[in-house]
Each structure stands twice: as structure tokens, then as C-alpha cells.
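Residue-level structural notes
What follows is the residue order along each chain.
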Amino acid sequence: NAGVTQTPKFQVLKTGQSMTLQCAQDMNHNSMYWYRQDPGMGLRLIYYSASEGTTDKGEVPNGYNVSRLNKREFSLRLESAAPSQTSVYFCASSESGGLLAPKYNEQFFGPGTRLTVL
Amino acid sequence: DAKTTQPTSMDCAEGRAANLPCNHSTISGNEYVYWYRQIHSQGPQYIIHGLKNNETNEMASLIITEDRKSSTLILPHATLRDTAVYYCIVRSGSARQLTFGSGTQLTVLP
């Protein structure tokens, strides 16, 4: 099992450009998440998908859109990148979105995408 | 979710036990304590979680005080590879997200 994979690993964009960050998991998890991490700070939730076909805003959703393409894949799109979106982006998945016992809520994280917006 | 307070940094000698404290004085009855760690440039990794009782797994032990207002993560025999930022997170069983604070930078010294 590869776990959670993310592409690309690194990306440099110019202000106003668009791009999509890809995430896939092979653990048959129901829930998936997108976080961002700025230097010296903890992770902040951007969007999450509790199950296939559903998405919800997290703490910092402005400037982003998401698509839960199927159970395996959850993509994050920046329509018009801004320097404030320079960050490391982490995708995560969990068996449950919180509706079951906490042991099913353990989140598994991908290796991250390092995005720089000039 | 309740807020947590952790020391900014700690050092530990290799082979010794690392004890990482966390205060969560506003924790409510249905909230669990979770610990994750993040090794430099990698995604966070789940370590352990608990509600009331002490918990132990292959990675660590979690000691929760009787009043549940604080907890301690114990790495029994720290190695250099345990150098990481350790996050203490409090969340309810039905919460959908993890709220990460600033965590504790643990440095294991040779």
C-alpha cells in the first residue's frame, strides 16, 4: 500500500495562475482532508470530504475549491494563485469522518506539496 | 474543541525517556486527547489517543490525569529519529477535523 500520495511535490506559480493539487489514497478510507502549513505554524484545515460526493469548508477555504472525484481521489484547486497561498499543502485521509469510534478517525497524511507563488 | 498548551521546545538524551506535557484545562467530557508528530518536511504521523485511561502502544504511552486537565506523552527510549514536532490535540469523537497548535519541538541529543 502506498498510503496517501500527492502530486506534485514542488510547484512554483506566478500570481494569477491556476493549478490543481492531486491526492489519492489506497486505504479505502471514507474521509479525506486538505490542510495547509505555513512556516513555524501548525496545520490549518482548508476543506474536507466526509464521504464520496460530499465536501465541506474548513478553517481557511477562501481562494480554494475541491473535488472529490471518487472514493480514492480528492483534488484541491487554486483558481487564481496569490502570494499568500505560498505554503506546504498536506492531504490526509481517515476511515471515518468522526461518526464512529475515535480509532477510525486516525488521519493518515501524505508527504506534502510545497507551493511557492511569486 | 478545547485549546491545548505545550512547551515550545524540549531536549532529551538518546536512550532516555522523553516526557512531553500538554495542558488542556477546558477539555469537556466527550473530548479525546490525540498526539501526532511531524518529522521535518514530512506529513504528520498519528501516535496515540485516549479519553480517560492511560494508553500504551508500540510507539508511546499516554498518561492522562484523573481530572483530565493535562496529559503526558512518554517515549520510553528516545532515539535520534524521534526528533520532531509533537502536537497534542483535543477533539470530540464526532469532530471532523484536527486542530493543530504550535506543538513542542523535541530534539533528541546523542
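See the structure shown above.
Below, the structure is looked at part by part. (Residues numbered from 1 in each chain as written. Chains lettered and ligands numbered in written order. Predicted model: local features only at pLDDT ≥ 70, side-chain atom pairs only at ≥ 80, totals over all residues. Heavy atoms only, no water.)

Once that is clear, we can look at the pairing of strand S7 (residues 65-68) of chain A. On a regular strand, one side chain projects to one face of the sheet and the next to the other, so that they alternate. Residue and element names in this part refer to chain A. Residue alternation in S7 divides its side chains into a buried set, Val-66 and Arg-68, and an unburied set, Asn-65 and Ser-67. Alignment of S7 against strand S8 (residues 74-78), held across 4 bridges, turns out to be antiparallel. Paired with Asn-65 across the bridge in S8 is Arg-77. (Buried < 20%, exposed > 50% of the residue type's maximum accessible area, 1.4 Å probe, protein only. Helix = DSSP H or I, 4+ residues; strand = E, 2+ residues; numbered from the N terminus. Pairing = 2+ DSSP bridges.)

For the rest of this paragraph, the subject is the packing of aromatic side chains. Throughout the structure, instances matching the rule amount to 10 aromatic pairs over all chains. On the numbers, 5.5 Å between centres and 40° between planes, the contact of A:Tyr35 with A:Phe109 is tilted. Pair noted here: A:Tyr35 is in strand S4 (residues 31-37) and A:Phe109 is in strand S10 (residues 108-109), with a separation of 74 residues, a long-range link. Between B:Tyr36 and B:Phe100 the ring centres are 6.0 Å apart and the planes differ by 65°, which places this aromatic pair in the edge-to-face class. With B:Tyr36 in strand S3 (residues 31-38) and B:Phe100 in the loop between strand S8 (84-92) and strand S9 (104-109), this pair connects stretches of sequence that are 64 residues apart. Within the aromatic cluster, the residues linked to one another by ring pairs are A:Tyr33, A:Tyr35, A:Tyr48, A:Phe109, B:Tyr36, B:Tyr46, B:Tyr87 and B:Phe100. Here B:Arg91 stacks its cationic end above the ring of B:Tyr34, 5.3 Å away from the centre of that ring. (Phe/Tyr/Trp six-rings, centres within 6.5 Å; stacked < 30°, edge-to-face > 60°. Lys NZ or Arg CZ within 6 Å of the ring centre and 35° of its normal.)

Counting 21 residues, the largest nonpolar core has B:Trp35, B:Leu73, B:Tyr86 and B:Leu106 as the members making the most contacts within it. Mapped onto this core, the elements with two or more residues apiece are strand S2 (18-23), S3, strand S4 (45-50), strand S6 (61-64), strand S7 (70-75), S8 and S9 of chain B. Tallying contributions element by element places S8(B) first for this core, with 4 residues. A:Met32, A:Tyr64, A:Leu76 and A:Cys91 belong to the second-largest nonpolar core, a separate cluster that totals 20 residues. (Core = buried A, V, L, I, M, F, W, Y, C linked by side-chain atoms within 4.5 Å.)

Summed over the entire model, instances satisfying the criterion amount to 2 disulfides over all chains. Here A:Cys23 is linked by a disulfide to A:Cys91, with a sulfur-sulfur distance of 1.9 Å. Between A:Cys23 and A:Cys91, the disulfide has an S-S torsion of -75° and is therefore left-handed. One end of the pair, A:Cys23, is in strand S3 (residues 19-25); the other, A:Cys91, is in strand S9 (residues 87-94), with 68 residues separating them in the sequence. Classification of A:Cys23 by relative accessible area gives buried; the value is 3%. The thiol of B:Cys12 is not disulfide-bonded; the next cysteine sulfur, from B:Cys22, is found 18 Å away. Residue classification places B:Cys12 among the buried positions, given a relative accessible area of 8%. (Disulfide = S-S within 2.5 Å.)

Time to look at the environment of B:Thr65. For B:Thr65, the location among the structural elements is in the loop between S6 and S7. When the C-alpha atoms of B:Thr65 and B:Asn53 are compared, they prove to be 8.7 Å apart, with 12 residues separating the residues in sequence.

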